[in-house]
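Per-entry structural report
Residue strings, one per chain:
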Amino acid sequence: MIWRALALATVFAAATANADTLIHAGTLIDGSGDEPRANVTLRIDGTRIRAIEDGFIPGGADDTVIDLSTMTVLPGFIDLHTHLSSELSRTSYQERFTLNDADFALKAYGNGIKTLHAGFTTVRDLGDMGNVTISLRDAIARGQLDGPRIFTAATSLATTGGHADPTNGWARKIAGDPAPINGVVNGPADARKAVRQRYKERADWIKITATGGVLSLAKNGQNPQFSDAELTALIETANDYDLKVAAHAHGTEGMLRAIRAGVTTIEHGTYMTPEVMREMRRRGTYYVPTILAGVWVGELAQKDGMLPAVVRPKAAAIGPQIQDTFASAVKAGVPIAFGTDSGVSPHGMNAREFQLMVEAGMTPMDAIRSATAIAARVLGAENDFGTLEAGKLADVVAVNGDPLANIERLQSIAFVMKEGRVFKH
């Protein structure tokens, strides 16, 4: 009897192991930019897509069939600019004094869930509190927690008084003199040490603040904040450790210095000029526009008490400009990848960026591609995700209706699968 029970268990295990998940897709937009396909079946074996077949293939006895035959199916989206551990509010400037790292970790987890349910199965986090997204990234990868796949820069790098100096606005008696371990550098030696510290902390990317910023407690939002020598040391060291560099930049001179030094992405790019665009095209530097953040802070600047006094005029100036810059970049053929700066805007609202991109002149298909195939290429992960094709991870989302006819439909995601597991249906 015992051997018979073992034999039956072996047969059952083998049958289960061979079971597939079949998704019947009414319309398939695969993320490559090709024309949509009608009435296809995605055959998923565990975490990966085994095949995409024409027609609605009936499942076998042990298969699971998911009927999305009335929906448009797309790859899981990628947001290349998030801040999971924070969200702008009336009290957010005080939180570094009132919250512990564990509090920020819990915030990051909750915001990650919102992001995943909005259809974003992968994010790049460009600056957190207390390096908490490193532990969150690992817990999600191990399957201990739910959430999007995370590539994180952990602590951003700045110069003294720069946009990411964590002590901006503090009283002198508590500000101290932050150092590379805190993400603050002054000179090439500091720049090298700061990159090596991020490597030691197991960051995936390096984030620098090449110019001033909107939300920092400092007057200038555009001035260059790294010297050429500092940028050269920083990029050379990052290259040594196989780390790519993302550069926050609003002002023209800071953008040019960062692009010529060899950064992979320019974030925001508000005052991008034709010269900057030419350099980006020539060097293959990607533009991550974060239009949503600019629009959002522009709206907050009109409300009394929402932003500190030193921040409010910067937000009012940059908000209206950023969408016009994006429109010019589209016409100029600058490489564009999707990013929102969520954490400035509320988490879970990420897909509004698609609408803003299309309003500024990008086609719906190109906007989708910027958040799928192109964003995966920026991450160096195009062999694993970013498009729906055989061999890639089963990151799948679906919406009712046709997002190519109405891009706002992407703000109402009906189905989310990540690595073959359904998170929303």
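Because the structure is a prediction, the values reported are computed rather than measured.

In terms of regular secondary structure, the protein chain is built from 14 helices and 16 strands. Radius of gyration (C-alpha) of the protein chain: 23 Å, near the 22 Å computed for a compact globule of 425 residues. Among the 425 residues that make up the protein chain, the fraction classed as buried is 55%. Within the protein chain, contacts between residues at least 6 apart in sequence are counted, and of these 69% link residues at least 24 apart. Just so you have it, the protein chain exposes about 17,500 Å², and 50% of that area is on carbon and sulfur atoms.

Before going further, it helps to examine the pattern of salt bridges. Pairing between side chains of opposite charge can happen when their charged atoms approach one another. According to the stated counting rule, one finds 22 salt bridges in the structure shown. Two residues, Asp20 and Arg43, come together in a salt bridge whose shortest N-O distance is 3.2 Å. Of the two residues, Asp20 sits in the loop between helix 1 (2-17) and strand 1 (21-28) while Arg43 sits in strand 2 (residues 37-45), which places them 23 residues apart along the sequence. A relative accessible area of 4% places Asp20 in the buried class. A relative accessible area of 14% means that Arg43 is categorised as buried. One salt-bridge network, held together by shared partners, links Asp20, Arg43, Asp45, Arg50 and Glu53.

Below, the discussion takes up helix 4 (residues 132-142). Across the 11 residues that make up helix 4, a large majority, 8, are buried. For helix 4, every residue scored as buried is listed here: Val132, Thr133, Ile134, Leu136, Arg137, Asp138, Ala139 and Ile140. Positive backbone phi, approximately 85°, marks Gly143, located one or two places after helix 4.

For the rest of this paragraph, the subject is the nonpolar core. The nonpolar side chains of soluble globular proteins are, as a tendency, buried together. Formed by 62 residues in total, the largest nonpolar core has its most connected members in Phe77, Ile206, Ile208, Leu234, Ile266, Phe354 and Leu410. Excluding residues that lie within four positions of it along the chain, Ile266 makes contacts with Ala247, Ala249, Met255, Ala258, Ile259, Met280, Thr285, Tyr286, Tyr287 and Val288.

A few words now on the sheet that holds strand 5 (residues 77-82). Overall, parallel pairing links the 3 strands, which are arranged 5-6-7 in an open sheet. Every interior strand has two partners, whereas the edge strands, strand 5 and strand 7 (149-152), have only one. Pairs of neighbouring strands in the sheet enclose a mean axial angle of 20°, with direction left out of account. Bridge count for strand 6 (residues 120-125) against strand 7 is 4 bridges, and the pairing is parallel. Each bridged residue has a counterpart across the sheet, and for Val123 the counterpart in strand 7 is Ile150.

It is worth spelling out the confidence of the model for the protein chain at this point. Confidence in the prediction of the protein chain, expressed as mean pLDDT, is 91, and 94% of residues score 70 or more. Per-residue pLDDT stays below 50 along residues 1-16; that stretch engages in 1 contact with residues further than four places along the chain or on separate chains.

Moving on: unusual backbone geometry. With a phi angle near 75°, Arg202 is a residue other than glycine that sits in the positive phi range. By secondary structure assignment, the location of Arg202 is in the loop between helix 6 (188-200) and strand 10 (205-209). On the basis of relative accessibility, which here comes to 45%, the residue Arg202 falls in the partly exposed class.

Before going further, it helps to spend a moment on the sheet that holds strand 10. The strand order 10-11-12-13 describes an open sheet built from 4 strands, whose pairing is parallel. Only two strands of the sheet have a single partner each, and these edge strands are strand 10 and strand 13 (286-288). Taking the axes of each pair of neighbouring strands and ignoring which way they run, one obtains an average angle of 25° across the sheet. In this structure, strand 12 (residues 265-268) lies alongside strand 13, joined through 3 bridges in parallel fashion.

Applying the stated rule across the entire model yields 8 aromatic pairs. Aromatic pair Phe120 and Phe354: ring centres 6.4 Å apart, planes at 25°, arrangement stacked. Of this pair, Phe120 sits in strand 6 while Phe354 is found in helix 12 (residues 352-359), placing the two residues 234 residues apart along the sequence. Owing to a relative accessible area of 0%, Phe120 belongs among the buried residues under this scheme.

Among the structural elements, Ser345 can be located in the loop between helix 11 (312-332) and helix 12. Beyond its immediate sequence surroundings of up to four residues, Ser345 is in contact with Glu87, Leu292, Trp296 and Thr340.

What follows deals with helix 11. Over its 21 residues, helix 11 runs 31 Å from end to end, which matches the ideal 30 Å to within 8%, given 1.5 Å per residue. The sharpest bend along helix 11 measures roughly 30° and falls at Gln321. Lys314, Ala315, Ile318, Gly319, Ile322, Thr325, Phe326, Ala327 and Ala329 are the residues of helix 11 that are buried. Close packing links the buried residues of helix 11 with strand 12, helix 9 (274-283), strand 13, helix 10 (291-300) and helix 12. Where helix 11 terminates, the next one or two residues include Gly333, which has phi positive at roughly 80°.

Next up on the list: the packing of helix 10 against helix 11. With their axes 7 Å apart at the nearest point, helix 10 and helix 11 run at an angle of 150° to one another. As helix 10 packs across helix 11, the resulting crossing turns out to be left-handed. Of the residues in helix 11, those in contact with Ile291, Gly294, Val295, Val297 and Gly298 of helix 10 are Ala315, Gly319, Ile322, Gln323 and Phe326. Of the residues that constitute the contact of helix 10 with helix 11, the class distribution is 6 nonpolar, 4 polar and no charged.

Of note, Glu279 is situated in helix 9. At a separation of 3.3 Å, a polar atom in the side chain of Glu279 contacts the side chain of Arg260. In this view, Glu279 contacts Leu256, Ile259 and Arg260; residues no more than four positions away in its chain are not counted.

This brings us to the pairing of strand 6. Within strand 6, 6 of the 6 residues are buried, which leaves the element mostly enclosed by the surrounding structure. Summarising the sheet, strand 5 and strand 6 pair through 4 bridges and their orientation is parallel. By the bridge assignment for strand 6, Phe77 is matched with Phe120. As for the winding sense of the linkage, the β-α-β connection from strand 6 through helix 4 to strand 7 is right-handed.

So, how was this worked out
- Residues numbered from 1 in each chain as written.
- Predicted model: local features only at pLDDT ≥ 70, side-chain atom pairs only at ≥ 80, totals over all residues.
- Heavy atoms only, no water.
- Helix = DSSP H or I, 4+ residues; strand = E, 2+ residues; numbered from the N terminus.
- Rg over C-alpha atoms; globule rule 2.2 N^0.38 Å.
- Buried < 20%, exposed > 50% of the residue type's maximum accessible area, 1.4 Å probe, protein only.
- Contact = heavy atoms within 4.5 Å.
- Areas by Shrake-Rupley, 256 points an atom, 1.4 Å probe, with all protein chains shown as cover.
- Salt bridge = Lys/Arg side-chain N within 4 Å of Asp/Glu carboxyl O.
- Core = buried A, V, L, I, M, F, W, Y, C linked by side-chain atoms within 4.5 Å.
- Pairing = 2+ DSSP bridges.
- Axes fitted to C-alpha atoms, helices over the stretch in contact; angles between N-to-C directions.
- pLDDT = per-residue confidence, 0-100.
- Phe/Tyr/Trp six-rings, centres within 6.5 Å; stacked < 30°, edge-to-face > 60°.
- Expected span 1.5 Å × (residues − 1).
- Bend = angle between axes of the 7 residues up to and from the residue.
- Left-handed = near helix turned anticlockwise from the far one by under 90°.
- Nonpolar A, V, L, I, M, F, W, Y, C, P; charged D, E, K, R; others polar.
- Polar contact = N/O pair within 3.5 Å; in protein donor to acceptor, adjacent residues only side chain to side chain.
- Right-handed = clockwise from strand over helix to strand, strands pointing away.

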